[in-house]
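Breakdown of the fold
Listed below are the residues making up each chain.
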Amino acid sequence: MANAEKQNAELIWPPPDEREFENPSLIVEYAEKNAKKGDPNDVLKAADYYGWNLGKLRSIAIGDVKGKFVDEVVQDVNPTVALECGAWFGYSAVRIARLMKPGSCFYSLEIDPICAKLTERLVKHAGLSDKVKVVLSDAHEVIPQLRDKYKIEKIDLALLDNGCKHYKGNLIEMLDAGLLQKGSVVLSDNVLYPAANDYREFVQSHKRFESTLFDTHLQYTPNVRDGMEKSTYLG
Ligand code: CA
């Protein structure tokens, strides 16, 4: 069987919870052991090496291919406040926060205490602890409280990566809280795999969003199509 066919045959459909894809503590341990302390690029390099070469299952990070697209968006938006729903083990926190300007803050909302701890570890190894705040909470609960609890007036950039079934609800919660304003950009991962059809329909038909698809492949898995939706709020 050709390699690509073999990988496809090994894919589980419907996909399990993304947390089952790979034990994230193995990736964090690998990065701590192999990446230079205080060097976020080296931390990402180690995590990507793990994802491509050492992972028995797909890694749950956004990976380097979608990561380059995210880098471009971060540089373009130049956020003061960025936020993600779903930290996993901190790959995207490191990826995004390393490009954010001094005085900016990246909030990483994570519901699982183990993943929150792993994220803090990876962020610390990357030397980004002063810029990243890990919030151990259900995104649905904390988004409506961000204004009062964390004094957030506007989210310049949001990444939705906490499981596709939550995206639409989280987006509506951000809108209801008035946290998305003109120029705010929302990225959402895995919109083609496992797929976020209700979210894409909502955001693409919403008159206040301009939405495009970055059509690519699943992290570290070139034979599985996946994409990231980029949605700009028009105000
Ligand atoms: Ca993801």
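Considering the nonpolar core
With 67 residues, the main nonpolar core has V43, A47, V94, I96 and L122 as its most contacted residues. When near neighbours in sequence (up to four residues on either side) are disregarded, V94 contacts P40, V43, L44, L122, V123, A126 and L128.

Structural notes on the sheet that holds strand β3 (residues 132-136)
Taken together, the 7 strands give an open sheet; going across it, the order is β3-β2-β1-β4-β5-β7-β6, and neighbouring strands pair in mixed fashion. Taken across any chain shown, the strands that pair with only one partner, and hence form the sheet edges, are β3 and β6 (209-218). Between one strand axis and the next, the sheet turns by 15° as a mean value, whatever way the strands run. Where strand β4 (residues 157-160) and strand β5 (residues 185-188) come together, 4 bridges link them in parallel fashion. Each bridged residue has a counterpart across the sheet, and for L159 the counterpart in β5 is L187. Helix α9 (residues 167-176) rests against β1 (81-85), β4 and β5 of the sheet, and its axis sits at about 155° to β4.

Observations concerning unusual backbone geometry
With an omega dihedral of 5°, the bond running from Y193 to P194 counts as a cis peptide bond. Within the element layout of this structure, P194 appears in helix α10 (residues 191-195). For K151, which is not glycine, the phi dihedral falls at a positive 55°. Position of K151 among the secondary structure elements: in the loop between α8 (146-150) and β4. The exposure class of K151 is exposed, given the 8 C-beta atoms found within 10 Å. Here A195, not a glycine, exhibits a phi torsion of approximately 105°, which is positive. For A195, the location among the structural elements is in helix α10.

Things to note about helix α6 (residues 113-125)
Each turn of an α-helix holds 3.6 residues, which means side chains three or four residues apart point in the same direction. Here α6 is 13 residues long and its end C-alpha atoms lie 18 Å apart, about the 18 Å a rise of 1.5 Å per residue gives. Buried residues along α6 sit against α2 (24-34), α3 (40-54), α5 (91-97), β2 (105-110) and β3. Positive backbone phi, approximately 75°, marks G127, located one or two places after α6.

Quick look at the pairing of β3
Note: β2 against β3, 5 bridges, orientation parallel. When the sheet's bridge partners are listed, E110 is paired in β3 with L136. Handedness of the β-α-β unit built from β2, α6 and β3 comes out right-handed.

Section: the environment of I62
Positionally, I62 belongs in the loop between α3 and α4 (63-77). With 99 residues separating them in the primary sequence, I62 and D161 have C-alpha atoms 8.7 Å apart. Among all residues touching I62, those that are not within four sequence positions of it are G67, V70, Y91, S92, D161, D189 and Q219.

Conventions and cut-offs
Numbers given for residues are sequential positions, taken from 1 along each chain in its written order. In view of the model being predicted, local features appear only for residues whose pLDDT reaches at least 70, and side-chain atom pairs are presented and counted only at 80 or more, with totals across whole chains, interfaces and linings using the full set of residues. We call a set of buried Ala, Val, Leu, Ile, Met, Phe, Trp, Tyr and Cys residues a nonpolar core when their C-beta atoms link them within 7 Å. Counting other C-beta atoms within 10 Å of a residue's C-beta gives its exposure: the residue is buried at 20 or more, exposed at 12 or fewer, and partly exposed in between, where C-beta atoms are placed from the backbone. C-beta atoms are first placed from the backbone for all residues, and any pair lying within 7 Å is then listed as a contact. Criterion used throughout: strands pair if DSSP finds at least two bridges between them. Only runs of H or I of at least four residues qualify as helices and only runs of E of at least two qualify as strands under DSSP, and these elements are numbered from the N terminus. Axes, fitted as lines to C-alpha atoms, cover a helix only where it is in contact. Angles between the N-to-C directions of the axes lie from 0 to 180 degrees. Here the expected length of a helix is defined as 1.5 Å per residue gap, with one fewer gap than residues. Looking down the strands as they point away from you, a crossover is right-handed if its path from the first strand over the helix to the second goes clockwise.

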